[in-house]
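# Analysis of the macromolecular model
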Amino acid sequence: MLPDDVTYLDLSYNSISTFKNNSFKRLSKLSVLKLNSNSFRMTENLDISLFADLINIKNIDLSDNNELTFQIMPILAYGLQNSTIASLRVNKIHCTFGLGTKIRIKDVRYLKHTNLRELHLSSNRIELVENGVFDFFPETLKRISFADNRLTFGVFALELRSLKGLEWLNGSAQYLTHDPAEFIQHLISPCEDEKEYLPSTHIDKHKNRNLKELQKSFPNNVITEEDMPFVQKMVSELETNNGIRLCIHSRDFVPGYDISENIITAINKSRKTVVILSPNFIKSSWCMYELHIAKMEEIYSRENECVLLLIFYDAVPVDKIPLSIMDLIKQKSYIEFPNDDYGDPNAVSLQKLYLSNNLLVFSLLPDSDGKIFRNLKSLRVVDLKANKISYLPNDVFKNLENLEYLDLSSNLLTGIDFDIRYLKSPQNLMEDK
């Protein structure tokens, strides 16, 4: 056993393979714990309180233990929830050529109670992030690294907006190739990353849906009863002041007809369908039905004419947005009420963004109005090198008023076709060599 007063413990670059449940008992004064570059792996019956005695810990490094896997994360998060942890490094705790990794809420849920400032998750073959994960990251978080994983666009990318204090994000090298020698070593000694070990306590809770929502529907203005005060103002403005007639269910649905028949008729006869997207809308099966009918009307009856107009109302949690609506968000412009004119007043304070060695060409090409960076106005450094970018829309950077350093090297650009007049204080603009 170690002395109780030890404050710094470095066991890195050894061959330690297992934890014992009493490994860190009574080490309440420990401030720095370095366990990187060992051979740690998960074992059965590992206590979820393994790290719970480390109440004064500030820095933990478990990197380069590539058979530890993300199964250690619930144990880490649970044990550190009452600690002073500031920096957590878990780079390459997953086999490079193993199965893909998913970050789940249960992996990180207890981190929300910490004052963590840095989280490093590079080189873990992360492919998916469960919706809602970032809601469980602490507000104190300033720096995150997801470099060298396998991430593609998902709902989680929009959820980053919830991390208001984030200043530094590294999402580079999602398509990085690895040393062939490493692959040969994997063939000789394959990873054992398929067996799942569960900590002794774990509870998942799911909220029940409100079945009363099934009876609420408003075509043309697709809304729920709870959002009517907002809609009534909109009806007054559009009908009274602008002469635009709306279809209101209580006034315009034909008595005696099925609700579904009224919905289909109303959408078919309306020029546009305005969707008031709110948390109440997401819960309503009738509203989702109306949205589906309007999408079908747009595709099959109007030959892809723009029929749907989206208004985000009353802060919709991103993890609650169905994939069908996420597809619409990716395809269409939308209004955010009440913040659309001036953007989100609580936009993230991210200052440095590293996204090199990806394939962002396909994400940036359609962004003709600068939507991607709209809520990232604090950015000073943007690294987009090696993304196979051959062309950028004129206004893609128009919201980056504080940008000082833009790296577009090692792409396929043949000229500067995008407008750099928006860059108020560019000190370094690196274009393709």
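Quick caveat: nothing in here was measured; it's all calculated off a predicted structure.

### Details of the overall build of the protein
Helix and strand counts for the protein come out as eleven helices and 17 strands. Taken over 433 residues, the protein has a buried fraction of 46%. Within the protein, contacts between residues at least 6 apart in sequence are counted, and of these 76% link residues at least 24 apart. By element, 50% of the accessible surface of the protein is carried by carbon and sulfur atoms, the whole surface being about 22600 Å².

### Describing the environment of Trp-168
Note on placement: Trp-168 falls in strand S9 (residues 168–170). Residue Trp-168 is classed as buried on the basis of its relative accessible area, which comes to 13%. Along the backbone, Trp-168 and Lys-352 are 184 residues apart, and their C-alpha atoms lie at a distance of 4.6 Å. Not counting residues within four places of it along the chain, the set of residues in contact with Trp-168 comprises Lys-142, Arg-143, Ile-144, Ser-145, Leu-350, Lys-352 and Tyr-354.

### Considering the side chain of His-94
Its location among the elements puts His-94 in the loop between strand S4 (87–89) and strand S5 (101–103). Judged by its relative accessible area of 5%, His-94 falls in the buried class. Reaching out from His-94, the side chain makes a polar contact with the side chain of Thr-101 at a distance of 3.4 Å.

### Here we look at the packing of helix H7 (residues 259–269) against helix H9 (residues 285–301)
Between H7 and H9, the least distance of the axes is 10 Å, while the angle of their chain directions is 40°. Between H7 and H9, the interaxial angle falls into the category oblique. The chirality of how H7 crosses H9 is right-handed. On H9, the residues that touch Ile-259, Ser-260, Ile-263, Ile-264, Ile-267 and Asn-268 of H7 are Trp-286, Tyr-289, Glu-290, Ile-293, Ala-294 and Glu-297. In terms of residue class, the contact of H7 with H9 is made up of eight nonpolar, two polar and two charged.

### What about the nonpolar core?
Residues Phe-19, Phe-51, Ile-72, Leu-76 and Leu-384 are the most contacted members of the largest nonpolar core, which totals 70 residues. With five residues, the single largest contributor to this core is helix H1 (residues 73–80). In this view, Leu-76 contacts Phe-51, Ile-60, Leu-62, Leu-88 and Val-90; residues no more than four positions away in its chain are not counted. In this structure, Phe-253, Phe-281, Leu-310 and Ile-321 belong to the second largest nonpolar core, which totals 20 residues.

### Quick word on the confidence of the model for the protein
Looking at the protein as a whole, the pLDDT averages 78, with 76% of positions reaching at least 70. In the predicted structure, residues 183–188 sits below a pLDDT of 50 and forms four contacts with residues beyond four places in sequence or in another chain. For residues 200–219, every residue scores under 50 in pLDDT, and the model assigns this stretch 43 contacts once sequence neighbours within four places are set aside.

### Section: unusual backbone geometry
Here the phi dihedral of Asn-357 falls at roughly 55°; this positive angle occurs in a residue that is not glycine. With respect to the helices, strands and loops of the structure, Asn-357 is situated in the loop between strand S14 (352–354) and helix H11 (361–364). One non-glycine residue, Ala-386, lies in the positive phi region at around 60°. Structurally, Ala-386 can be placed in the loop between strand S15 (381–383) and strand S16 (405–407).

### Thoughts on the packing of aromatic side chains
Summed over the entire model, instances satisfying the criterion amount to eleven aromatic pairs. Aromatic side chains Trp-168 and Tyr-354 sit 5.9 Å apart centroid to centroid with 55° between the ring planes, which places their arrangement in the tilted category. In this pair, Trp-168 sits in strand S9 while Tyr-354 sits in strand S14, placing the two residues 186 residues apart along the sequence. Among the aromatic side chains, those forming a connected cluster through ring pairs are Phe-19, Phe-24, Phe-40 and Phe-51. Above the plane of the ring of Trp-168 lies Arg-143, whose end atom (NZ or CZ) is 4.0 Å from the centre.

### Remarks on the pattern of salt bridges
Counted under the stated rule, the structure contains eleven salt bridges. Notably, a salt bridge pairs Arg-104 with Asp-107, separated by 3.4 Å at the nearest N-O pair. Arg-104 sits in the partly exposed class, given a relative accessible area of 25%. The partner of Asp-383 in a salt bridge is Lys-385, with the nearest N and O atoms 2.7 Å apart. Owing to a relative accessible area of 6%, Asp-383 belongs among the buried residues under this scheme. Lys-385 sits in the partly exposed class, given a relative accessible area of 27%. Among the charged side chains, a network of salt bridges with common partners joins Arg-89, Glu-118 and Arg-143.

### Focus on H9
With 17 residues, H9 ought to run about 24 Å at 1.5 Å a step, and its terminal C-alpha atoms sit 23 Å apart, in line with that. Considered for burial, the residues of H9 that qualify are Cys-287, Glu-290, Leu-291, Ile-293, Ala-294, Lys-295, Glu-297 and Glu-298. With its phi angle positive at about 55°, Glu-303 sits one or two positions after the end of H9.

### A short note on the environment of Asp-419
Within the element layout of this structure, Asp-419 appears in the loop between S16 and strand S17 (428–430). When the C-alpha atoms of Asp-419 and Asp-395 are compared, they prove to be 6.1 Å apart, with 24 residues separating the residues in sequence.

Each value, and the rule that gives it
- Residues numbered from 1 in each chain as written.
- Predicted model: local features only at pLDDT ≥ 70, side-chain atom pairs only at ≥ 80, totals over all residues.
- Heavy atoms only, no water.
- Helix = DSSP H or I, 4+ residues; strand = E, 2+ residues; numbered from the N terminus.
- Buried < 20%, exposed > 50% of the residue type's maximum accessible area, 1.4 Å probe, protein only.
- Contact = heavy atoms within 4.5 Å.
- Areas by Shrake-Rupley, 256 points an atom, 1.4 Å probe, with all protein chains shown as cover.
- Polar contact = N/O pair within 3.5 Å; in protein donor to acceptor, adjacent residues only side chain to side chain.
- Axes fitted to C-alpha atoms, helices over the stretch in contact; angles between N-to-C directions.
- Parallel < 35°, antiparallel > 145°, perpendicular 65-115°, else oblique.
- Left-handed = near helix turned anticlockwise from the far one by under 90°.
- Nonpolar A, V, L, I, M, F, W, Y, C, P; charged D, E, K, R; others polar.
- Core = buried A, V, L, I, M, F, W, Y, C linked by side-chain atoms within 4.5 Å.
- pLDDT = per-residue confidence, 0-100.
- Phe/Tyr/Trp six-rings, centres within 6.5 Å; stacked < 30°, edge-to-face > 60°.
- Lys NZ or Arg CZ within 6 Å of the ring centre and 35° of its normal.
- Salt bridge = Lys/Arg side-chain N within 4 Å of Asp/Glu carboxyl O.
- Expected span 1.5 Å × (residues − 1).

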